[in-house]
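# Per-entry structural report
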Amino acid sequence: MRPDHRSSIRVLLIDCRPLVLRGLHDLINARKPQMEVSGQASTYTNALDLADQLRPNVIFFSFFPDALNPLEVVAGLTRNTEMKVLVLKGLYEAVPVAQAIEAGARGVVLAEDPTESIIRAIIKVHHRDTGSDRAWAGGLSGYATMGHVPTQCNLEQAKQARLTLREKELIRAIVADPSAKYISIAGRLGISEHTVHNHLSNIYQKLNLINRIDLLMYALKHGLTNNEDPPESTWVELD
């Protein structure tokens, strides 16, 4: 293997739509030598074979009809902790995000996201420590983080302390209706759609997040769905 190949983030694409595969292929390969597409598959059987052969760093995974169960495929792909799965979904596409995270996926990327956000998601998930941010607490599933919990709590509390009351109100509105359009959220809060986008941009920056799905997962994990601080009992360590 060439030295420059080793330094690249190698990405495997899994999707049954040729247009999506082509678009992601061109987007990622335009960032060489930082990252490159190592392979692509349009069936889950082929995806498992390619992942075993190529050992990619990041796997873009889409849900589609196939002979194999997609959640079982995610679980199979992530048995190798060096391979990080990113789920690709449309904003209004029905995808079992919670189950995918439980199966081992490391994040979710919206197809509607700007291209720069997709690139940042690849970089972020590639450098994310194994086992961290695997699932979320709250009503969906047991969100667990590895490492020293008090340190992690203090770090996140410091981030959250930077949020304004208006920003926290916006987060709660998004959690209450994750599929709501921004114009609907703006009307509910009595602000303009432009202001919603500005608040979201500030929230992403303060919490080091990528997109709306990332924010939803973070809010559920850290108890930002109400005005109370999350109880310490929601934090667990994984073996």
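Just above, that's the structure.
Right, let's walk through the structure included here. (Residues numbered from 1 in each chain as written. Predicted model: local features only at pLDDT ≥ 70, side-chain atom pairs only at ≥ 80, totals over all residues. Heavy atoms only, no water.)

## Structural notes on the sheet that holds strand 4 (residues 84-89)
Here five strands make up an open sheet; going across it, the order is 2-1-3-4-5 and the pairing parallel. The sheet is open, and its two edges are formed by strand 2 (35-41) and strand 5 (107-110), each paired on a single side. In this sheet, neighbouring strand axes are inclined to one another by 25 degrees on average, regardless of whether the strands run parallel or antiparallel. On the sheet, helix 3 (residues 44-54) packs against strand 1 (9-14), strand 2 and strand 3 (58-62) and is oriented at approximately 140 degrees with respect to strand 2. (Pairing = 2+ DSSP bridges. Helix = DSSP H or I, 4+ residues; strand = E, 2+ residues; numbered from the N terminus. Axes fitted to C-alpha atoms, helices over the stretch in contact; angles between N-to-C directions. Contact = heavy atoms within 4.5 Å.)

## Examining the side chain of N29
Locating N29 in the fold gives a position in helix 2 (residues 18-29). Apart from the residues within four sequence positions on either side, N29 is in contact with E36 and V37.

## Focus on the pattern of salt bridges
In total, this model carries eight salt bridges according to the counting rule given. Salt-bridge contacts for D214 lead to K124; the nearest nitrogen and oxygen are separated by 3.4 Å. Highlighted residues: D214 in helix 11 (residues 212-222) and K124 in helix 6 (residues 115-127), separated in sequence by 90 residues. Residue classification places K124 among the partly exposed residues on the basis of a relative accessible area of 22%. (Salt bridge = Lys/Arg side-chain N within 4 Å of Asp/Glu carboxyl O. Buried < 20%, exposed > 50% of the residue type's maximum accessible area, 1.4 Å probe, protein only.)

## Quick word on empty space enclosed by the protein
All chains considered together, the criterion is met by three cavities of 30 Å³ or more. Quantified by volume, the largest cavity comes out at close to 70 Å³. Contributions of two or more residues to the lining of the largest cavity are made by strand 5 and helix 6. Of the residues in the lining of the largest cavity, the class split is six nonpolar, two polar and four charged. (1 Å grid on protein atoms, 1.4 Å probe; cavity = no way out; pocket = protein on both sides within 12 Å on 5 of 7 lines; lining within 4 Å. Points joined across faces, edges and corners; volume = space filled by probe spheres on them. Nonpolar A, V, L, I, M, F, W, Y, C, P; charged D, E, K, R; others polar.)

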